[in-house]
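Below are the chains, spelled out letter by letter.
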Amino acid sequence: IGSLSLISYTPVAVDKFESENATASEMQEQSSQESDRYIFLTLGNESFAISLEIAREIIFVPQNITPISEAGYGVMGMITLRDELITALDLKQVINVPPKAQLSELEQKERRLLILNYAEKSVALLVDGINEVKDIDTNLIEKLPERFADSKVEAVYKEEQQLVSLVSLTYL
């Protein structure tokens, strides 16, 4: 598989609704919770998430990324995807995540470009790995204080044993 389109992806928690013990009121409560869908990714040793509503597709990192002279920090260059020119950014550099000393061969193979459509423009973000796509209850998302309003991370979500940073869409 060369790429994965996310436009038609609609996961359904079938096991919750097939349970013989689930009542109609439990099913209504589950469906009435407000949630947003996020794509979870890895950068270095940290976990991040980006809203799925702007994600277009995930592709392998192409061999032919064309460098741009005097490009800003974090800009890897340009790629061509189905006759569209897309700026490729190294997300680790853009949001100041320390890189690992040396990536193993397996870690190199897990790197992907996440293609986003935001403000009618496309951008490709280099990430170390794509973990999953899932819904997050909006009540479990904690916005960062106002003093971080210009931050690259807009909120955090506490998963079982870790915090997941939600990348700010306005910063990108």
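Structural notes, computed from the coordinates. Only a predicted model underlies this, so the values are computations on that prediction, with no experimental measurement involved. (Residues numbered from 1 in each chain as written. Predicted model: local features only at pLDDT ≥ 70, side-chain atom pairs only at ≥ 80, totals over all residues. Heavy atoms only, no water.)

1. A look at the overall build of the chain
Tallying secondary structure elements over the chain gives 4 helices and 12 strands in all. Counting across all 172 residues of the chain, residues that qualify as buried make up 37%. Expressed as a percentage of contacts within the chain between residues at least 6 apart in sequence, the contacts between residues at least 24 apart total 59%. Of the roughly 11,300 Å² of accessible surface on the chain, a fraction of 48% belongs to carbon and sulfur atoms. (Helix = DSSP H or I, 4+ residues; strand = E, 2+ residues; numbered from the N terminus. Buried < 20%, exposed > 50% of the residue type's maximum accessible area, 1.4 Å probe, protein only. Contact = heavy atoms within 4.5 Å. Areas by Shrake-Rupley, 256 points an atom, 1.4 Å probe, with all protein chains shown as cover.)

2. A word on unusual backbone geometry
Within the chain, Glu70 stands out as a residue other than glycine whose phi angle is a positive 55°. Tracing the sequence through the fold places Glu70 in the loop between β4 (55-60) and β5 (75-81). The class of Glu70 is exposed, set by a relative accessible area of 80%. Unlike most non-glycine residues, Asn96 shows phi in positive territory, near 60°. Tracing the sequence through the fold places Asn96 in the loop between α3 (91-94) and α4 (105-110).

3. Re the side chain of Ser165
Here Ser165 lies in strand β12 (residues 163-167). Those residues in contact with Ser165 that lie beyond four places of it in its chain are Ser47, Phe48, Ala49, Val153, Ala155 and Val156.

4. A few points about the pairing of strand β7 (residues 112-118)
Among the 7 residues in β7, 5 count as buried, and that is most of the element. As judged from the 7 bridges shared by β7 and strand β8 (residues 121-127), these two strands associate in the antiparallel manner. Following the sheet pairing, Leu114 is matched in β8 by Leu125. (Pairing = 2+ DSSP bridges.)

5. Some thoughts on the nonpolar core
As a rule of thumb, nonpolar side chains are buried together in soluble globular proteins. With 23 residues, the main nonpolar core has Leu41, Leu43, Phe48, Ile50, Leu91, Leu114 and Leu116 as its most contacted residues. Residue assignment for this core shows that the elements contributing at least two residues are β2 (35-43), β3 (46-51), β4, α3, β7 and β8. (Core = buried A, V, L, I, M, F, W, Y, C linked by side-chain atoms within 4.5 Å.)

6. Quick look at the sheet that holds β3
Strand order in the open sheet formed by 6 strands is β9-β2-β3-β12-β11-β10, with mixed pairing between adjacent strands. The two strands at the open ends of the sheet, each matched to only one other strand, are β9 (129-137) and β10 (141-143). The average angle at which neighbouring strand axes cross in this sheet is 35°, direction not considered. Pairing of β10 with strand β11 (residues 153-158), which is carried by 3 bridges, proceeds in the antiparallel orientation. In the sheet register, Ile141 faces β11, and the bridge partner there is Tyr157. (Axes fitted to C-alpha atoms, helices over the stretch in contact; angles between N-to-C directions.)

7. With respect to the pairing of β3
Across the 6 residues of β3, 5 count as buried, placing the element largely inside the fold. A loop of 2 residues connects β2 with β3, the two strands running antiparallel in sequence, and Gly44 in this loop sits at a positive phi of about 60°. The pairing of β3 with β12 spans 2 bridges and is parallel. Paired with Phe48 across the bridge in β12 is Ser165.

8. Some thoughts on the packing of aromatic side chains
Summed over the entire model, instances satisfying the criterion amount to 1 aromatic pair. Pairing Phe40 with Tyr157 gives two aromatic rings, centres 6.2 Å apart and planes at 70°, and the pair type is edge-to-face. Taken together, the positions of Phe40 in strand β2 and Tyr157 in strand β11 put the pair 117 residues apart, joining distant regions of the chain. Given the relative accessible area of 10%, Tyr157 is considered buried. The ring of Phe40 has Lys134 lying over it, and the distance from NZ or CZ to the ring centre is 5.0 Å. (Phe/Tyr/Trp six-rings, centres within 6.5 Å; stacked < 30°, edge-to-face > 60°. Lys NZ or Arg CZ within 6 Å of the ring centre and 35° of its normal.)

It is worth stressing that arrangement in space is one thing and function is another; only the former is reported here.
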